[in-house]
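Letter by letter, the chains look like this.
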Amino acid sequence: MEEFAIAHADAAGASRWQMEALATMFNTADAIQPDSDNGYINRQHRAQAMLEQGVRRTIVLRHIDEP
């Protein structure tokens with residue numbers, strides 16, 4: 001998904017800074033990842049900062065274990 005998003009942002013004329021910021025939304029080391037107990041695996045501070053800036057929808061990375 002990261003490559004897909006970056007390619008489309010680039011085609012739409014996004015700046016390098018915007019594309020780097022977008023890439024972090026899909027990167028497993030930087031993405032907001034909820035856990036099964038309604039908490040966060042990581043990036044809780046990022047989610048809080050976004051809420052404080054008025055962001056009400058964003059991308060979250062959710063892993064689904066397949067049997």
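Values in this document were obtained by computation on a predicted structure and should not be read as measured data.

Procedures and definitions
- Residues numbered from 1 in each chain as written.
- Predicted model: local features only at pLDDT ≥ 70, side-chain atom pairs only at ≥ 80, totals over all residues.
- Heavy atoms only, no water.
- Helix = DSSP H or I, 4+ residues; strand = E, 2+ residues; numbered from the N terminus.
- Buried < 20%, exposed > 50% of the residue type's maximum accessible area, 1.4 Å probe, protein only.
- Contact = heavy atoms within 4.5 Å.
- Areas by Shrake-Rupley, 256 points an atom, 1.4 Å probe, with all protein chains shown as cover.
- Lys, Arg positive; Asp, Glu negative; His and termini not counted.
- Charge placed at Lys NZ, Arg CZ, Asp CG, Glu CD.
- Axes fitted to C-alpha atoms, helices over the stretch in contact; angles between N-to-C directions.
- Parallel < 35°, antiparallel > 145°, perpendicular 65-115°, else oblique.
- Left-handed = near helix turned anticlockwise from the far one by under 90°.
- Nonpolar A, V, L, I, M, F, W, Y, C, P; charged D, E, K, R; others polar.

A. Quick peek at the overall build of the chain. A tally of helices and strands in the chain yields three helices and two strands. Each of the three principal axes of the chain carries a C-alpha extent, and together these read 40 × 35 × 20 Å. When each of the 67 residues of the chain is scored for burial, the buried share is 15%. For the chain, the proportion of contacts with a sequence separation of at least 24, taken over those separated by at least 6, is 34%. When the accessible surface of the chain is summed, it comes to about 5,600 Å², and 51% of that surface belongs to carbon and sulfur atoms. In the chain, 6 side chains carry a positive charge and 10 a negative one; their mean positions are 8 Å apart.

B. Geometry of the packing of helix α1 (residues 2-11) against helix α2 (residues 16-26). With their axes 9 Å apart at the nearest point, α1 and α2 run at an angle of 160 degrees to one another. In this view, α1 runs roughly antiparallel relative to α2, as classed from their interaxial angle. Regarding α1 and α2, the two cross each other, and that crossing is right-handed. In contact with Glu2, Ala5, Ile6, Ala9 and Asp10 of α1, α2 contributes Met19, Leu22, Ala23 and Phe26. Here the residues of the contact of α1 with α2 sort into seven nonpolar, no polar and two charged.

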